Structure formats: structure tokens, C-alpha cells
Amino acid sequence: HDRLRRLSLELVSERPATVPKVCQALVQALAEGMKRSQPGGKKGAIVWERDPRGESINLGGEVYENRVALKEYCQNILRRYVNEQPLDEKDLQLMQRVLANHPRGTEKLHGCQAMVVGMHPVHKARCFYVIRHNGREDFSFLRCVQNTPTDEIEAQRQICDALCKVLQLHPTSCEHVAQVIESNFPSYRGKEGAVVEKHRNWTHNILELCSRMPALTDFLLRVLVRRMVEIDAAMTKMEEDVAPEEAYGAGIAQKNIEQASKPGVLESMAGILDAQMMMLFEFLQRHLSGTVTDAEHQLVSALFGIFESTVLLTHRARCVPFLWFYLVSLRPAWTEAFLSLLLHTAFSPCIAIPKRLISLAYLASFIARAKFLTKNFTLRTAQYVSTLAREHLQVAESHVVAGDRVHPQLLLFLYAVQAFCYMTCFHTAEFAAPEPGDTSGRTALSTLLFEGAADVGAEAFGPVLESPSNPIARINKQVAEQFCHCLSDHNPALVVALKQRLLEFAGQVPTHFSQGDEAGLDIFFPFDPYRLRHSSMFVQPIYRDWNEDDESNADPGEGFAAKAAVAQMPNGRSRASSDGADSDRASDVDFTDARDAVERGFLPSVGPSPAFRPRGSTDMADIMSPLCMPMESAYEDCDDFALPSATVPMDAASSSLLFGLMNSAAYREGREGRVR
């Protein structure tokens with residue numbers, strides 16, 4: 001491998017014209033991985049196939065066939081020991097080598113005196129503990145195994161190093177290399193393409209290049225996310241059996257997505273996406289969970305651009321959006337930027353209606369599911385969504401009267417109504433809690449619903465609920481019924497009126513959201529429960545599940561319980577790679593990496609800045625700035641304002657030097673020439 005790097009550098013140094021060919025050969029070597037020749041072609045021709053020896057792992061001289069073999073060996077160690085029993089010398093050395101591959105392996109191994117097996121007090125799962133003189137710390141051996149390099153990865157690291165060295169000598173070749181990488185992305189279809197290890201290694205190489213070559217970062221991440229969205233959309237299509245035009249958004253290669261009916265195809269695709277999500281979660285945590293510099297801010301800005309141009313345009317992607325769910329949980333400022341992007345999109349009349357509808361779905365789902373959000377964030381966003389509904393109320397009523405039930409403006413209004421109801425269902429108790437020190441008896445919920453207020457605020461949702469167009473009966477029935485149930489303890493009179501409206505309208509509106517499927521969209525919430533097994537460890541600590549206890553008084557078919565049960569699919573139906581048994585799921589969590597929300601800056605008092613508004617610049621540079629909005633001037637409303645004219649005393653006593661210059665021959669000659 002050292003010879004490969006040396007020959008590549010020597011070749012491009014002596015013959016610069018060979019740079020494109022050398023780079024192309026290196027990228028192709030990365031894409032193909034380790035291969036071996038086998039006879040079997042026509043007329044005895046040699047056939048090249050994937051070499052299984054590339055999946056082997058060498059730990060201190062001990063060779064394991066692949067990750068599955070290493071994982072099973074670690075599982076056996078976990079089962080052999082009783083709780084609090086120290087590992088013997090041989091097993092201790094192996095687990096130390098395994099732990100060294102954890103993203104925080106060096107930190108976790110520091111001061112290690114022994115290892116034991118024990119039961120975690122919170123998660124009730126058996127796991128390994130590092131014993132130090134001042135305490136103990138648990139770790140997930142599965143996360144270590146996922147990051148342990150195989151022989152193929154070790155070889156590909158050398159190829160990446162050679163490619164980076166070539167590009168550092170010839171930076172103008174970055175564009176060519178980016179195009180070659182895009183054309184060599186492995187397919188997820190077919191016998192050779194549906195190999196989880198191949199896609200994991202390729203993703204690892206892409207992220208390695210992103211870390212070392214900033215000029216390629218934006219492009220490579222954009223292509224990688226686009227390919228992941230293809231898999232995500234294909235899985236949605238296969239699971240729900242929807243029409244192709246309903247499952248794919250702009251920029252997605254529909255020709256690359258087929259309806260697969262063979263057994264195991266969906267599981268294989270889920271395994272590939274799970275491995276890719278795991279790698280990207282690790283990448284975000286490694287680069288963005290510590291001190292943030294200009295480079296990290298540029299990375300975040302690039303990721304927001306990818307979300308807006310690719311993910312937001314893809315209808316019903318179920319897994320890939322959680323990369324941004326995790327990203328914004330790392331900093332309150334990034335949460336505000338994410339919400340600002342969605343609000344600006346939803347409020348902007350210059351943006352196409354379908355994109356505005358999807359933005360409202362993202363807003364509702366994010367506010368409902370993000371456990372780390374403070375009340376200041378959730379309440380302010382709910383107020384803005386209510387304001388949007390109020391602004392479109394009159395227009396929506398006119399379309400209902402005219403019988404135009406699928407008009408885009410009406411759909412936008414109903415999506416805003418539904419978004420408000422959905423997020424309120426998850427935060428009813430929080431909004432209904434009195435503010436500390438407030439003796440008026442009014443709460444955020446009562447203000448939102450316009451209960452007994454002298455003046456109707458722009459964000460009051462009461463006028464929407466009282467509208468003769470009956471919007472509560474036109475949104476998704478499940479959301480409407482649960483909204484009524486959540487309000488029953490706080491405003492019984494309002495709930496009685498709303499249920500009466502639902503009964504009056506029963507049977508007149510289809511189950512689907514106001515015939516929204518005719519506009520190419522159906523009701524969906526992007527952050528419904530995450531279903532990829534291994535990468536879920538990054539989502540679970542920051543995700544809010546629907547609390548079924550809140551539905552204790554609800555009818556069996558009412559509310560979100562049935563939907564949540566189907567979405568989570570807990571008993572073996574959760575999508576995961578097929579490279580291991582279900583018995584490891586209880587220990588597949590790295591508890592210590594899930595920092596508390598307060599440690600990430602989400603103090604209860606933290607909220608959005610004064611620049612957090614639904615209307616403003618949609619440029620990411622402005623959204624990411626601490627001062628998103630221009631400073632207000634005291635003279636903006638004064639049309640007569642003008643700067644005073646400059647005056648210069650012309651007497652010689654006041655300024656003899658200036659007087660002399662103005663009366664010089666040169667000045668007089670220039671002035672006379674200008675007059676002519």
C-alpha cells in the first residue's frame with residue numbers, strides 16, 4: 001500500500017497529464033473493493049467477484065471471518081460471565097482491542113484497570129463496564145464492532161490517502177474526481193450490489209474524503225444523501241405499494257427504483273440504509289459535538305442546503321430526515337436555524353404549494369417529537385403556525401363556499417390547521433401549565449385558544465376553530481379526535497362544540513386529508529418512530545414517543561396508539577440489517593454518548609432569538625447568522641430626513657491653508673476648465 005501511494009505520487013509528479021487517469025483508477029479501486037478471480041466465464045474466461053477475505057478482521061493476531069463472527073464472539077463473552085464478574089486476562093485483552101475502535105475508545109480506555117459484565121440501572125440491559133480507580137463506565141460492544149476496520153477498509157484507507165495526496169498536489173482535479181466518484185456509486189440492487197459491507201465501506205471512504213478534502217465535502221455529501229434517499233423512498237414504495245409519482249420527489253432517479261417482490265430484498269435494503277445512517281451519525285457526532293469552529297459552521301450550512309434541496313423535496317422519506325433531527329439537537333442555534341428554514345418556506349408565497357405543505361408537516365412532526373426542545377421553542381412555533389392559519393382563514397372560507405375543496409390555498413390552510421392540532425396534542429400539558437409567578441390564571445394554551453381575552457391576537461387559534469368552514473372536520477380524522485381528547489380536561493365546553501362539528505360532518509369528507517392525495521400529497525409526519533435497528537441508538541435518547549397513558553379515557557380506535565404500534569413494529573419487524581440475531585438488541589445502546597439536553601445548551605429558559613420570525617431571508621448564510629434580521633433604523637419612517645450640508649468658512653483667518661489652496665493658480669485653472 002505504501003508502494004501504491006508512492007507510485008501514484010511519482011507518476012503524477014513526473015507526468016501531470018496522467019492525473020485524471022490515476023484518480024479514476026484510485027476511485028474505481030475504492031468502489032470495487034477487494035476482488036478475486038474465478039474461472040467460469042465464457043470459453044474459460046476469468047470472472048472477478050467480491051473477495052470474502054476482505055471482510056476479515058485482525059485483532060492482535062486473532063483473525064475473525066467478518067463482523068458477524070466478531071460480534072458473536074463478544075456476545076459469548078457477555079453470556080459467559082455473571083454480573084460483576086471480572087473478565088479473565090484473555091477476554092480482557094480482546095475487549096480492550098475491541099473498545100479501541102469505539103469513536104471515544106481512547107477516552108473510555110483511559111485508566112482501565114479491569115472490565116466486568118453488569119446490568120445497566122436505567123436500560124435494564126447487560127453490557128460491559130470499564131473499571132477505573134475512580135468509578136466505572138459502560139460501553140456498547142456492538143458500536144465498537146461496527147467501527148472495527150476490516151482488511152478491505154485498511155486497504156481502502158491507503159487508497160484514500162493516495163487520492164488525497166494527489167489532489168493536494170493537483171487541486172484543480174477535484175471536480176473531475178467528484179464526477180468520477182458520483183459515477184462509481186455502488187448500486188443497492190442485484191446480488192453484488194445488495195451487500196451491506198460494501199456499502200458501509202464505500203460510505204466510510206466518502207466520509208473520509210469529506211474530512212480530508214473540504215473542497216469535495218458539499219458535493220460528496222449531497223450525492224451520498226441523494227442515494228440514501230433513493231433507498232429510503234424505494235422502501236416506502238415497497239411497503240405501502242403506492243404509485244411511483246407519490247413516492248418520489250424532485251431530483252430522485254425514479255428509473256433506479258423498482259418494485260421488488262423477492263424475499264429478503266426489503267431487509268437487505270434496510271440493512272444498507274441502516275449501515276449508512278450509522279456512519280453518518282458517527283460523522284456528525286465526531287465533527288459537531290465538540291468545539292465548533294468556522295469549518296464546522298460551514299459543514300452545518302452545507303447540510304442545511306442539502307436538506308432544503310434534496311430531502312425537503314422528497315415526499316415521505318422516513319429515515320434519512322433523522323440525520324437533521326439529530327444534527328439540530330446538538331446546538332440550540334442549529335435548532336432555531338432549522339425551524340426558521342421550515343417557517344420561511346411555509347410562509348413564503350413565492351414557493352410552490354407542495355413544498356410549503358411538506359414544510360408544515362416537518363414543523364408539526366419535529367415540534368411533536370423532539371424531546372430536547374424547550375417550551376419557548378415549541379410555543380413560539382405553534383404561535384407562528386396558528387398565525388399562518390389565521391392569515392389564510394378568509395380565503396379558505398371563500399373556497400369552501402365556492403365548493404373548490406382542492407384549491408391549493410385551502411390545502412395550505414388545512415395543513416396549517418392540522419400541524420397546529422398535531423403539535424398541540426404532544427404539548428397540551430406543557431402549554432396548560434401556568435407560568436411561574438403569574439397570578440392572572442391565564443396559560444399559554446388559553447391564550448392560543450382565545451379563552452376570555454379582550455383582544456384577539458394574531459396567533460389566537462380560536463377563530464379558526466369557530467369558522468363556519470369547519471376546518472377541524474376537514475383535517476385527518478385521527479388528529480382531530482386526539483386534539484379533542486387532549487383538550488377535554490382543559491376546555492370541556494370547546495371540546496363538546498368540536499365533537500358536535502365532527503359528528504355533523506361525519507361521512508361528508510373522505511378519510512384522506514381533504515382529498516389532498518389529488519394534489520400529489522397525502523397526510524404524513526416525517527419523524528414518525530425511527531425503525532432502523534442499529535442506528536436508532538442516536539435517535540432514541542432525543543425522541544419523544546407518544547405516551548399512550550394520555551389515552552386512558554379514549555376509545556380503543558381513537559388517537560395515535562394504533563398508528564404508533566404499527567409504525568414502531570417492535571417484535572422483529574423493525575427494519576435492520578440481516579447480519580445478526582435479535583438477541584443483541586438489548587445491549588445495542590451506547591448510553592454515555594447520549595448527552596443530556598441541558599449539557600447541549602437546551603436550558604429550560606433557552607428559547608429562540610429575537611430574529612426568529614416566519615418571514616425573512618431564506619438564504620442560509622442569513623439564517624445561520626446570530627443577527628438574522630437587519631437592525632431597525634430610527635429614521636426609516638421619516639421621509640424628510642436628510643444629512644446636513646457641509647460648510648467651510650471662506651475667510652482667510654479661519655483657515656489660511658484652505659483659503660490659499662482655493663485661490664491658487666492650479667485650482668482656478670482646473671475650475672475654469674471644468675466650467676468650459
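Computed from a prediction, not measured in an experiment: that's the story for all the values here.

1. Looking at the pairing of strand 6 (residues 126-132)
Among the seven residues of strand 6, five are classified as buried, and the element is accordingly described as predominantly covered. Sheet topology note: the strand 5 (residues 114-119)/strand 6 ladder contains six bridges and is antiparallel. Its bridge partner being in strand 6, Ala114 is matched across the sheet by Ile131. One ladder, built from five bridges, connects strand 6 with strand 7 (residues 135-139); its direction is antiparallel. Residue pairing for strand 7: Arg132 is matched across the bridge by Gly135. As consecutive antiparallel partners, strand 6 and strand 7 are separated by two residues.

2. Some thoughts on the packing of helix 2 (residues 19-32) against helix 7 (residues 151-169)
It is at 10 Å that the axes of helix 2 and helix 7 come closest, and there the two elements cross at 155°. With respect to their mutual orientation, helix 2 and helix 7 come out roughly antiparallel. Both helix 2 and helix 7 take part in a crossing whose hand is left-handed. Facing Val19, Cys23, Leu26, Val27, Ala29 and Leu30 of helix 2, the residues of helix 7 in contact are Gln156, Ile159, Cys160, Ala162, Leu163, Val166 and Leu167. Residue classes in the contact of helix 2 with helix 7 are distributed as twelve nonpolar, one polar and no charged.

3. Section: the pattern of salt bridges
Side-chain pairs of opposite charge can arise whenever the charged atoms involved come near each other. Counting across every chain of the model gives 16 salt bridges. Here Asp528 makes a salt bridge to Arg369, at a shortest N to O gap of 3.9 Å. In this pair, Asp528 sits in the loop between helix 24 (492-505) and helix 25 (561-568) while Arg369 sits in helix 17 (residues 353-369), placing the two residues 159 residues apart along the sequence. Take Asp528 and Arg369: they sit in the same class, and that class is buried. A salt bridge links Lys477 to Glu481; the nearest nitrogen and oxygen atoms lie 4.0 Å apart.

4. Quick look at the sheet that holds strand 7
Taken in spatial order, the three strands line up as 5-6-7 in an open sheet, and their pairing is antiparallel. Each end of this open sheet is capped by a strand with a single partner; those strands are strand 5 and strand 7. Neighbour to neighbour, the strand axes of the sheet diverge by 35° on average, direction disregarded. Most of the contacts of helix 3 (residues 67-80) go to strand 6, to which it runs at about 80°, and overall it touches strand 5 and strand 6. The strands touched by helix 4 (residues 89-99) are strand 5, strand 6 and strand 7; relative to strand 5, the strand with the most contacts, the crossing angle is about 80°.

5. Quick notes on helix 10 (residues 196-212)
For helix 10, spanning 17 residues, the distance from its first C-alpha to its last is 25 Å, which sits close to the expected 24 Å at 1.5 Å a residue. Among the 17 residues of helix 10, 14 are classified as buried, and the element is accordingly described as predominantly covered.

6. Here we look at the packing of helix 20 (residues 408-432) against helix 23 (residues 477-487)
At their nearest, the axes of helix 20 and helix 23 sit 9 Å apart, and the two run at 40° to each other. The orientation of helix 20 with respect to helix 23, classified from their angle, is oblique. Crossing hand, helix 20 versus helix 23: left-handed. Contacts between helix 20 and helix 23 involve Gln418, Phe420, Cys421, Tyr422, Thr424, Cys425 and Thr428 from the former and Val479, Gln482, Phe483, Cys486 and Leu487 from the latter. Looking at the contact of helix 20 with helix 23 residue by residue, the classes come out as eight nonpolar, four polar and no charged.

7. Regarding the packing of aromatic side chains
Throughout the structure, instances matching the rule amount to 29 aromatic pairs. Here the guanidinium or amino end of Arg136 rests over the ring plane of Tyr129, the centre of that ring lying 4.1 Å away.

8. Considerations on the nonpolar core
Met277, Val320, Trp324 and Phe366 are the most contacted members of the largest nonpolar core, which has 158 residues in total. With 17 residues, the single largest contributor to this core is helix 20. Discounting residues that sit within four places of it in the chain, Phe366 has contacts with Phe325, Val328, Thr335, Phe338, Leu339, Phe372, Leu373 and Phe527.

9. Remarks on unusual backbone geometry
Backbone geometry places Glu84, a non-glycine residue, at a positive phi of 70°. Following the sequence through the fold, Glu84 ends up in the loop between helix 3 and helix 4. Overall, the relative accessible area of 45% leaves Glu84 in the partly exposed class. For Asn470, which is not glycine, the phi torsion reads 55° and is therefore positive.

10. Focus: the confidence of the model for the protein chain
Per-residue pLDDT for the protein chain has a mean of 79; in total, 74% of the residues score no lower than 70. The least confident element of the protein chain is helix 25, whose mean pLDDT is 39; the most confident is helix 15 (residues 322-328), at 96.

11. Looking at the environment of Ile367
With respect to the element layout, Ile367 can be found in helix 17. Relative accessible area serves as the criterion here: at 0%, Ile367 is assigned to the buried category. Sequence separation between Ile367 and Arg544 is 177 residues, and the spatial gap between their C-alpha atoms is 9.9 Å. Aside from chain neighbours lying at most four places away, what touches Ile367 is Leu339, Leu373, Phe377, Thr378, Thr381, Met423, His427 and Arg544.

12. Describing the state of the cysteines
Counted under the stated rule, the structure contains zero disulfides. Cys421 takes part in no disulfide bond, and the closest cysteine sulfur to it belongs to Cys425, at a distance of 6.8 Å. Counting only cysteine sulfurs, Cys486 is the nearest neighbor of Cys425, a cysteine outside any disulfide, at a range of 4.3 Å. For Cys425, a relative accessible area of 5% gives the class buried.

13. Thoughts on the environment of Ile542
Tracing the sequence through the fold places Ile542 in the loop between helix 24 and helix 25. Owing to a relative accessible area of 6%, Ile542 belongs among the buried residues under this scheme. Between the C-alpha atoms of Ile542 and Phe325, which are 217 residues apart in sequence, the distance is 8.8 Å. When sequence neighbours within four positions are dropped, the list of residues in contact with Ile542 reads Phe325, Tyr326, Ser329, Arg369, Ala370, Lys371, Phe372 and Arg600.

The rules we used
Residues numbered from 1 in each chain as written. Predicted model: local features only at pLDDT ≥ 70, side-chain atom pairs only at ≥ 80, totals over all residues. Heavy atoms only, no water. Buried < 20%, exposed > 50% of the residue type's maximum accessible area, 1.4 Å probe, protein only. Helix = DSSP H or I, 4+ residues; strand = E, 2+ residues; numbered from the N terminus. Pairing = 2+ DSSP bridges. Axes fitted to C-alpha atoms, helices over the stretch in contact; angles between N-to-C directions. Parallel < 35°, antiparallel > 145°, perpendicular 65-115°, else oblique. Left-handed = near helix turned anticlockwise from the far one by under 90°. Contact = heavy atoms within 4.5 Å. Nonpolar A, V, L, I, M, F, W, Y, C, P; charged D, E, K, R; others polar. Salt bridge = Lys/Arg side-chain N within 4 Å of Asp/Glu carboxyl O. Expected span 1.5 Å × (residues − 1). Phe/Tyr/Trp six-rings, centres within 6.5 Å; stacked < 30°, edge-to-face > 60°. Lys NZ or Arg CZ within 6 Å of the ring centre and 35° of its normal. Core = buried A, V, L, I, M, F, W, Y, C linked by side-chain atoms within 4.5 Å. pLDDT = per-residue confidence, 0-100. Disulfide = S-S within 2.5 Å.

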